[in-house]
Amino acid sequence: MSNYTVNHLAHLESEAIYVLRETASQFNKPVLLFSGGKDSIVVAHLAKRAFWPGKMPFPLMHVDTGHNFPETLVYRDKFVADIGARLEVASVQNSIDQGRVQEEKGPNASRNALQTVTLLDALEEGEYDAAIGGARRDEEKARAKERFFSHRDEFGQWDPKNQRPELWNLFNGRKAQGEHFRVFPLSNWTEMDVWQYIKQERIPLPDIYFTHERDVINRNGTLLAVTDFITVAENETVETRRVRFRTVGDATCTGAVESPAATLDEVIAEVAAARQTERGTRADDKRSDTAMEDRKKAGYF
């Protein structure tokens, strides 16, 4: 790894740690949203480093759709135990059972959008006034509009046209009763930065990020894993392919990519040559041209 890369990562790390410490300073009760994906893993790693040798001053929260990849849940529990954090689980299934949300129907049904209500309910119940996430501006055009400290109104909604300026890394966390903030320490990172930092820090990842054989179907150009949560249509063919995942989320909408990359170096080389962002494999982002922005305005991550 070149000196430039090492210095670049050191700058990003310092910036993210500063944001995390500012969050702990300005808010009464933050929480770190943890999916078991690479970005939230890096944020949790940074949070541990930011407050070392003390304990992380906020818990981790997993918004569980009930449609997880098994590898993700195994990793989640081990990771949380290893860093000595407290984990809270907000269940979409509970939201369905309580009548707070309605299960989607049809061949493309997903619980991904249902997470918004579950998250907002969990934040209100826990009286959390800041939710830390691993979103990056390079992921998707709606996320590029976010600030480090991103305000949400009393209904948990986001107004992309009403963002607060953040000159000279001065963050404004003032809010009215019932409002909260989303905090994005990795805002200025890229997917390549994340992978290179993972390599530098030797952070273990779920096996799902590396090549493996898996039964998949090609649905509208997205390779979806065949799981108990997917209904295979009559015109769809199940194939066994060597794939890996660039992003981890709800199994019903998270697409795989064909790949022989079995090591971090091979993944980094593959990402360097890629011409599609990792969210290009997400079926939920393809529902409309403004799918992500519409979900974020309603309170999505």
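Please refer to the structure higher up on the page.
Residues numbered from 1 in each chain as written. Predicted model: local features only at pLDDT ≥ 70, side-chain atom pairs only at ≥ 80, totals over all residues. Heavy atoms only, no water.

Tell me what's going on with the packing of helix α6 (residues 191–201) against helix α7 (residues 264–273), and back it up with residues and numbers.
At their nearest, the axes of α6 and α7 sit 10 Å apart, and the two run at 165 degrees to each other. Judged on the interaxial angle alone, α7 and α6 are roughly antiparallel. Two packed elements cross with a definite hand, and for α6 against α7 that hand is left-handed. Here Glu191, Met192, Trp195, Gln196, Ile198 and Lys199 of α6 lie close against α7, whose contacting residues are Leu264, Asp265, Val267, Ile268, Val271 and Ala272. The class makeup of the residues in the contact of α6 with α7 is eight nonpolar, one polar and three charged. (Axes fitted to C-alpha atoms, helices over the stretch in contact; angles between N-to-C directions. Helix = DSSP H or I, 4+ residues; strand = E, 2+ residues; numbered from the N terminus. Parallel < 35°, antiparallel > 145°, perpendicular 65-115°, else oblique. Left-handed = near helix turned anticlockwise from the far one by under 90°. Contact = heavy atoms within 4.5 Å. Nonpolar A, V, L, I, M, F, W, Y, C, P; charged D, E, K, R; others polar.)

Before we move on, could you go through helix α5 (residues 115–126) and cite the residues and values that matter?
Helical geometry: 3.6 residues make up each α-helical turn, so side chains three or four residues apart lie on a common side. If you check α5, its first and last C-alpha atoms are 16 Å apart, about what 12 residues at 1.5 Å a residue would give, namely 16 Å. Regarding α5, the residues found buried are Gln115, Thr116, Thr118, Leu119, Leu120, Ala122, Leu123 and Gly126. Trailing α5 by a residue or two, Glu127 shows a phi angle of about 55 degrees, which is positive. (Expected span 1.5 Å × (residues − 1). Buried < 20%, exposed > 50% of the residue type's maximum accessible area, 1.4 Å probe, protein only.)

Tell me what's going on with the sheet that holds strand β10 (residues 255–258), and back it up with residues and numbers.
One closed barrel holds the four strands; their spatial order is β7-β8-β10-β9, and the pairing between them is antiparallel. With strand direction ignored, the average angle separating the axes of adjacent strands in the sheet is 70 degrees. The pairing of strand β8 (residues 222–225) with β10 spans two bridges and is classified as antiparallel. Across the sheet, residue Leu224 finds its bridge partner in β10, namely Gly255. (Pairing = 2+ DSSP bridges.)

Before we move on, could you go through the pairing of strand β7 (residues 212–219) and cite the residues and values that matter?
The pairing of β7 with strand β9 (residues 239–244) spans five bridges and is antiparallel. For Glu213, the partnering residue across the bridge sits in β9 and is Arg242. Where β7 lies against β8, four bridges are found, and the strand directions are antiparallel. When the sheet's bridge partners are listed, Asn218 is paired in β8 with Leu223. Adjacent in sequence and paired antiparallel, β7 and β8 are bridged by two residues, among which Asn220 carries a positive phi angle near 55 degrees.

Requested: an account of the pattern of salt bridges, with residues and values cited.
One pass over the structure, following the stated rule, counts 20 salt bridges. Taking the shortest distance from any N to any O, the salt bridge between Asp138 and Arg136 comes out at 2.8 Å. As a salt-bridge pair, Glu213 and Arg242 come within 3.9 Å of each other at their nearest N and O atoms. Residue Glu213 is located in strand β7, and its partner Arg242 is located in strand β9; the two are separated by 29 residues in the primary sequence. Put simply, Lys38, Asp39, Arg136 and Asp138 are held in one network by salt bridges that share partners. (Salt bridge = Lys/Arg side-chain N within 4 Å of Asp/Glu carboxyl O.)

Residue-level account of the sheet that holds strand β2 (residues 60–64), with values.
Taking strand neighbours across the sheet as the criterion, the six strands line up as β3-β2-β1-β4-β6-β5 in an open arrangement whose pairing is mixed. Of all strands in the sheet, those bounded by a partner on one side alone are β3 (87–91) and β5 (149–152). Direction aside, neighbouring strands of the sheet carry axes that sit 30 degrees apart on average. Most of the contacts of helix α1 (residues 3–26) go to β5, to which it runs at about 40 degrees, and overall it touches β1 (30–33), β4 (130–132), β5 and β6 (180–183).

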